[in-house]
Amino acid sequence: MRSFILSRILQAIPTLLAIATITFFMTRFAPGGPFDSEKAIPEEIKVQLESHFGLDLPLFHQYLLYMKNLLRGDLGPSFKYLGWQVSELIGISFPVSMTLGTCALVIALIIGLPAGIIAALRKNTIWDYLPMSLAMIGICLPTFVLGPLLILVFSSTLNLLPPLGWYSWSDLVLPSCTLGLFYAAYVARLTRAGMLETLKHDYIRTARAKGASPARVVYKHALRAGLLPVVTFLGPAFAGLVSGSFIIESIFFIPGLGKFFVTAAFNRDYTMVLGTVLFYATLIVSLNLLIDFLQAWLDPKAREQK
Amino acid sequence: MNEPAGSSLGKDAWMRLRANRMAMISLFLFLIILLFSLLGPLFSKYRYDEQDLEKVFLAPGAEHWFGTDNLGRDLFARTSHGGRISLAVGILATFVSLVIGVTYGMVSGYNGGKIDAFLMRIVDILYSLPFTIFVILLMVMFGRNFLLLFLAIGAVEWLTMARITRAQTISLKRAEFVLAAHALGYSHTRILFHHILPNLLGPIIVYATLTVPAVMLLEAVLSFLGLGVQAPMSSWGSLIKEGAEKMDAAPWLLSFPGLFFCISLFSLNFIGDGLRDALDPKSSKD
Amino acid sequence: MLEKRSTFCKIYYSHIQTIKVFLTSTMFLSWSCLFFSCSAPTNVEKAIENQILHFGLGAEPQYLDPQLATSVSAHNVLSALLEGLVSENPKTLEPEPGVAESWSISKDRKTYLFHLRENARWQNGDPVTAYDFVYSYRRILNPDLGSQYASMLHVLKNAKAYHQRSIPWEKAEVGVRATDKLTLELTLENPTPYFLELLNHYSWFPVHPPTIKKHDAFDRIGSQWTKPTNFVGNGPFKLKDHRVNSVIEVTASKTYWDADNTRLNGIRFYPIEAVDTEERAFRSGFLHLTQTVSSDRIDYLQKNHPDWIHFEPYLGTYFYRFNHLTPPFDDMRIRKALSMSVDRQILVEKVLKGGQKPSFCFTPPNTGGFTANDQFEYNPQKAKFLIEEYLLEKGLEEMPPIELTYNTSEGHKKVAEALQAMWKKSLGIEIKLLNMEWKVFLSTISKGDYSMARGGWIGDYVDANTFLHMWRTNDGHNQTGWSNQKYDQLLDLAETATDSQVRLNFFQQCEEILSEEVPILPLYFYVHVTLRHPTVKGWYPTLLDHHPYKFVYLEKEEEP
């Protein structure tokens, strides 16, 4: 097991380096630069700005310089938020997105898992159709529709919750529901599918034949393997959730990380793009690693072999 | 482990699908939506880009069945025109991501070891690359090609599909029936596509039906970057996005395209479930 | 099959457990709603007491160094934190005493002598001196700083030469000199009638030399001096907090010379970018005023909340550029035809509906006393004739397809779609619309890789020069490939003219050339639409959207 972890960590290093390299050159080859604006800047000023940020060096030289700093853990200064280090900006906004994303995930699991399990157990009955139809509605209402809709109901009409901001705990409710309901739908659909797949397997029959109680069959046997698709989905989904959602953040005016992902690319804020991408990549790589562990633990066949 | 001949499998599946009431209703609804998108423009007096600045933001009525938008364009015409694009993009791009993702995931999971590690690290890399810049670069290199739309969408949507398939494959490859197939000396390809794949169908079909709406909405994001449909053409994604902004003043701008979007997803979803049941190798065995 | 399904159903499992989870989670949600229900007074209600203005800033200003800032939102914050030589009248924007108590202007209108007030203070108590201004102007003009707005100071004698690195500071003799601690002499290159108004642009604001020195080198970008704990200003407010993408908070400064007359206790600026979110914030009493209003909401708001919505003039023109280097726009007739067949009145009334004014010339009316006679005409018959003439001459059956490029935005799309339909209807021309992401758009335009493209221009100061200079040959903003010697000469003449009537006459001639050659297609003049709560007093519409905060206060609405 230890060698497995070690090999995965060793794999992570070239993966991250590859991501940094590809992203570096991708951003540089995209048209437009960080200092382009509708007001034309005199050429000499542009040259000055570029030399300040080292953009006048040969591209490969810039790349080596960036990688050197990266290895020391330095993500460099933002080109757009002058006076801020990329790591500072991520450090400020990540806790916000982390809180929001975790709450959303909890909501998604609390609603999605039971709904999916019930639907699978009572396949093709009203207990299947009802939760699954609700789940479909969750998918049909994209966040940019659901968010304003929830605000309309709970804030503008009922006056129960604040429509925007990030100041008190009550500000957490609407955005995390908006995000959570969307993911709940995915979780419910995938749980149902996974459960159905497992319930038909021979070992479930064997378990029942051996006289295991129905609840035990579900909990001990079917659930674990049945959760495989959801768990696989949750890896990237969780990485996406905690790294912020631009749409939710702009609807609810939340100072999260999602905004930086989107605006950095639009601003051609090179260091910021690289910083956010690497941050996200680290999340993805480590979560996928975690998921692979979970899969091994959930999958009865895989465990039998150990 | 006898395998029924191909034709009878298809026939059996169709019989089972027909027995599934929910799936049949959905199939019917979906056909109606398809017909609406293809033939809707024939029934409408208006073209999708025909403006009447005297009649902006008209509520639905006898003249304009679905009302009009901010330039006085008929929403019925725009919704049905948008359906063509959204359904085409939604289904084709999902199909592309399905084919890539499933094949990739099965190969990775089945082989395991170094190959699996390598293939999955590539997936990790692709997950992380900045999508906006990727799309912009694609357009710089290849111009505004409509095919790029599928490439761009395909590039992101197959990743989770591949990971799900891989996880299922790993779990299945030690199953008794696979081991038995090995013992019988079947080739790897045969085992993958004839023995493992049918048992993966459930999660795959479900994830594919979940991909369709994601793709349709992604199309609206891509048209923001200049790829995909150009104004004044419409798609459900862009109509819903615009409608959401005018939700309280002109709710019909959101509700009609939203309704069609929902119905087609609902029906695709239940068709998907029905298909899964119909193609289920276990049930055919019984 | 059937039997199979029933075996599944036989896995009897009590749903009660799961339903319980279901119910508790919903209960939890609804209870948390009730528990946190927001019956507390809103920002706007509290503001009558605490005199704190809640300000929709639109965008994050990103950097609060007046010499490196580049945005309207930076202006809105900086004008609270810093004060220039003169301040402005809240209604007319005419110069009023600021840091300078009084000033005198030489006969040739090229030398200004400012007498600084003795009680002008930085927020740490240091006096504001003439030397501080010299330091500030030297800093912004220093080419190493790379200030994007340094060109605003090019009106100073020799400033351009120093800024473009041709001469070092010691030898440059830039027209800024402190004769003593409280006297500042500014010498100009040309008589510049709008010079005093210029001084209220943030690029002319002073910076506190010891603070700059403490935090970084003189000419470094990205110094930490703009952070809340470090910032030292001389304006009516001081920086208390700056949380990126969340809030900028300023509180009244006690050391400000006119602190007794400053009525607000503080301002909170919220960079809410999404227009709909900003409107919701306003409606819920979170904001006193918004930066803008979504154009599709104007009708509704006008009907239901006429006391909230305000239409204010704004110094800006919306136009399309023609690319003169590629056919068909290398031919004047085509440009003219397209311009003649646009019904700007309809565009403004039926499509935009935000109180914009149709533009039949390029400079907005009454810009520094200049109103061009309407030049661009609407004449679809003649337009059609011009097109036919062109086709005949070129031996073409029909017009080659024309592309109209714009950067992605709902507003630009709407205008483009409307014009596309107009041209199709009146001329039978097919126009293809191409939208692009902002930076791709900018680089496409500057490379000249377009045939027709959207443009917009907001004046930096109230004078026609800020508009007309764009179309000089090879000006950085021209980007159309259009060049007209006579036009360039007229602008040169206007720059040195001392008589204002003569000067305006040169501008009129420039406008006439524009309408004759149609290098661009002006569509409408901007208007600034905002929501403002009736409790905000001392706030007046101004051309540059400047609102000196020291005159603003919050007062309860009078009961009707």
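Reading guide: rules and limits
Residues numbered from 1 in each chain as written. Chains lettered and ligands numbered in written order. Predicted model: local features only at pLDDT ≥ 70, side-chain atom pairs only at ≥ 80, totals over all residues. Heavy atoms only, no water. Helix = DSSP H or I, 4+ residues; strand = E, 2+ residues; numbered from the N terminus. Buried < 20%, exposed > 50% of the residue type's maximum accessible area, 1.4 Å probe, protein only. Areas by Shrake-Rupley, 256 points an atom, 1.4 Å probe, with all protein chains shown as cover. Lys, Arg positive; Asp, Glu negative; His and termini not counted. Charge placed at Lys NZ, Arg CZ, Asp CG, Glu CD. Polar contact = N/O pair within 3.5 Å; in protein donor to acceptor, adjacent residues only side chain to side chain. Contact = heavy atoms within 4.5 Å. Buried area = accessible area lost by both parts, 1.4 Å probe. Salt bridge = Lys/Arg side-chain N within 4 Å of Asp/Glu carboxyl O. Nonpolar A, V, L, I, M, F, W, Y, C, P; charged D, E, K, R; others polar. Domains from an automatic or database assignment. Core = buried A, V, L, I, M, F, W, Y, C linked by side-chain atoms within 4.5 Å. Patch = residues over 30% accessible without salt bridge, like charges linked within 9 Å, V, L, I, M, F, W, Y side chains within 5 Å. Axes fitted to C-alpha atoms, helices over the stretch in contact; angles between N-to-C directions. Parallel < 35°, antiparallel > 145°, perpendicular 65-115°, else oblique. Left-handed = near helix turned anticlockwise from the far one by under 90°. Pairing = 2+ DSSP bridges.

> Can you tell me about the overall build of chain B, naming the residues and giving the values?
Scanning chain B from terminus to terminus reveals eleven helices and zero strands. For chain B, the N- to C-terminal ordering of α and β elements is α-α-α-α-α-α-α-α-α-α-α. Along the longest, intermediate and shortest principal axes, the C-alpha atoms of chain B span 75 × 45 × 30 Å. The burial tally for chain B puts 60% of its 286 residues in the buried class. Of the accessible surface of chain B, which amounts to about 11400 Å², a share of 70% is contributed by carbon and sulfur atoms. For chain B, the centre of its 23 positive side-chain charges and the centre of its 21 negative side-chain charges are spaced 9 Å apart.

> Kindly report on the side chain of Thr183(C), identifying the contributing residues and their values.
Residues and elements named next belong to chain C. Secondary-structure assignment places Thr183 in strand E7 (residues 183–187). Within the structure, Thr183 has its side chain in polar contact with the side chain of Asp180 (distance 2.9 Å). Thr183 has contacts with Leu113, Phe114, His115, Ala130, Arg177 and Ala178, leaving out every residue within four places of it along the chain.

> An account of the interface of chain A and chain C is needed here, citing residue identities and associated values.
The interface of chain A with chain C comprises 64 residues on the first partner and 65 residues on the second. Buried surface at the junction of chain A and chain C, both sides included, amounts to about 6000 Å², of which 65% is carbon and sulfur. On the chain A side of the contact with chain C, Glu38(A), Lys39(A) and Phe253(A) bury the most area, a combined 11% of that side's loss. Inspection of the chain A/chain C interface yields two salt bridges.

> Describe unusual backbone geometry, naming the residues involved and giving the relevant values.
Here the bond from Pro327(C) into Pro328(C) is cis, since omega is 5°, no more than 30 degrees from zero. Take Pro328(C): it is sitting in the loop between strand E11 (309–322) and helix H12 (332–340). For Phe253(A), which is not glycine, the phi dihedral falls at a positive 55°. Mapped onto the elements, Phe253(A) comes out in the loop between helix H11 (246–252) and helix H12 (258–267). Phi at Asp545(C) is positive, roughly 60°, even though this residue is not glycine. Mapped onto the fold, Asp545(C) is located in the loop between strand E17 (536–537) and strand E18 (553–554).

> Got a sec to walk through the interface of chain A and chain B? Specific residues and values, please.
If you look at the interface, chain A gives 57 residues, while chain B gives 56 residues. Both faces considered, chain A and chain B share a buried interface measuring about 5200 Å² in area, 69% of it formed by carbon and sulfur atoms. We note a salt bridge from Asp292(A) to Arg163(B), for which the minimum N-O separation is 3.1 Å. Run the count over chain A and chain B and you get eleven residue pairs in polar contact (both at pLDDT 80 or more). Elements that contribute at least two residues to the side of chain A that touches chain B include exactly helix H1 (2–29), helix H5 (126–140), helix H6 (143–157), helix H7 (170–199), helix H10 (228–242), H12, helix H13 (270–298) and helix H14 (300–305) of chain A. For the side of chain A that touches chain B, the per-class residue count stands at 35 nonpolar, eleven polar and eleven charged.

> For the pattern of salt bridges, give the residues involved together with the corresponding values.
Residues and elements named next belong to chain C. Under the definition given, this model contains 41 salt bridges over all chains. A salt bridge links Asp258 to Lys550; its shortest N-O distance comes to 3.2 Å. Separated by 292 residues along the polypeptide, Asp258 in the loop between strand E9 (247–252) and strand E10 (266–270) and Lys550 in the loop between E17 and E18 bring together distant segments of the chain. Comparing Asp258 with Lys550 shows no difference in burial state: the two are buried. The partner of Glu389 in a salt bridge is Arg333, and the shortest N-O contact between them spans 2.9 Å.

> Talk me through the domain arrangement of chain C; I want residue IDs and the actual numbers.
Interface size is commonly expressed as the accessible area that is lost once the parts come together. All names here are of chain C. Domain annotation for chain C reports domain 1 (82–214) and domain 2 (313–528). Contact residues are listed per partner, giving eight residues for domain 1 and ten residues for domain 2. Of the roughly 780 Å² buried where domain 1 meets domain 2, counting both sides, 63% is carbon and sulfur surface. Three residues, Asn190, Pro191 and Tyr194, lead the burial of domain 1 against domain 2; their summed loss comes to 54% of the area buried on that side. Our count for the contact surface shared by domain 1 and domain 2 stands at zero salt bridges.

> I'd like to hear about the nonpolar core, residue by residue, with values.
In this structure, Tyr183(A), Leu190(A), Phe233(A), Ile196(B), Tyr207(B) and Trp236(B) are the most contacted members of the largest nonpolar core, which totals 117 residues. Per-element tally for this core: the top contributor is H7(A), with 17 residues. Each residue touching Trp236(B), except ones within four places of it in the same chain, is listed here: Ile33(B), Ser37(B), Thr79(B), Gly82(B), Gly83(B), Ser86(B), Leu87(B), Met216(B), Phe260(B), Phe261(B) and Ser264(B). Formed by 74 residues, the second largest nonpolar core is a distinct cluster that contains Tyr194(C), Val207(C), Ile212(C) and Ile267(C).

> Lay out a nonpolar patch on the surface in plain terms, naming residues and giving numbers.
Residue and element names in this part refer to chain B. Nonpolar side chains collect at one region of the surface, where Leu35, Leu38, Leu39, Leu42, Phe43 and Trp65 lie side by side and expose about 670 Å² of accessible area between them. Position of Trp65 relative to the elements: it lies in the loop between helix H2 (21–43) and helix H3 (75–111). Among the residues examined, Trp65 registers a relative accessible area of 43% and is labelled partly exposed.

> Give a description of the packing of helix H5 (residues 131–142) of chain B against helix H6 (residues 146–172) of chain B that names residues and reports values.
Relative orientation and spacing of two packed helices are given, respectively, by the angle between their axes and the distance between those axes. Residue and element names in this part refer to chain B. Two numbers describe how H5 lies on H6: the axes approach to 11 Å, and their chain directions differ by 150°. With respect to each other, H5 and H6 are oriented roughly antiparallel. Considering only the axes of H5 and H6, their crossing is right-handed. Every residue of H6 that contacts H5 at Phe131, Phe134, Val135, Leu138, Met139 and Phe142 is listed here: Leu148, Leu151, Ala152, Ala155 and Val156. Taken together, the residues of the contact of H5 with H6 break down into eleven nonpolar, no polar and no charged.

> Give a description of the environment of Gln291(C) that names residues and reports values.
Looking at the element boundaries, Gln291(C) is found in the loop between helix H10 (275–283) and helix H11 (298–304). Here the alpha-carbon distance between Gln291(C) and Ile272(C), two residues 19 residues apart in the chain, equals 8.8 Å.

> Mind laying out the pairing of strand E8 (residues 237–243) of chain C, listing which residues take part and the relevant values?
All names here are of chain C. Pairing of E8 with E9 involves six bridges; the strand directions are antiparallel. Bridged to Leu239 within E9 is Val250. Adjacent in sequence and paired antiparallel, E8 and E9 are bridged by three residues, among which Asn245 carries a positive phi angle near 60°.

> A description of the sheet that holds E7(C) should follow, citing residues and the corresponding values.
All names here are of chain C. Read from one edge of the open sheet, four strands run E4-E5-E7-E6, paired in antiparallel fashion. Either end of the sheet is taken by a strand with one partner, and the two such strands are strand E4 (100–105) and strand E6 (176–180). For this sheet the average axis-to-axis angle between neighbouring strands, irrespective of direction, equals 20°. Sheet topology note: the E6/E7 ladder contains four bridges and is antiparallel. By the bridge assignment for E7, Arg177 is matched with Glu185. Along the sheet, helix H5 (residues 130–141) makes contact with strand E5 (111–116), E6 and E7, crossing E6 at roughly 165°.

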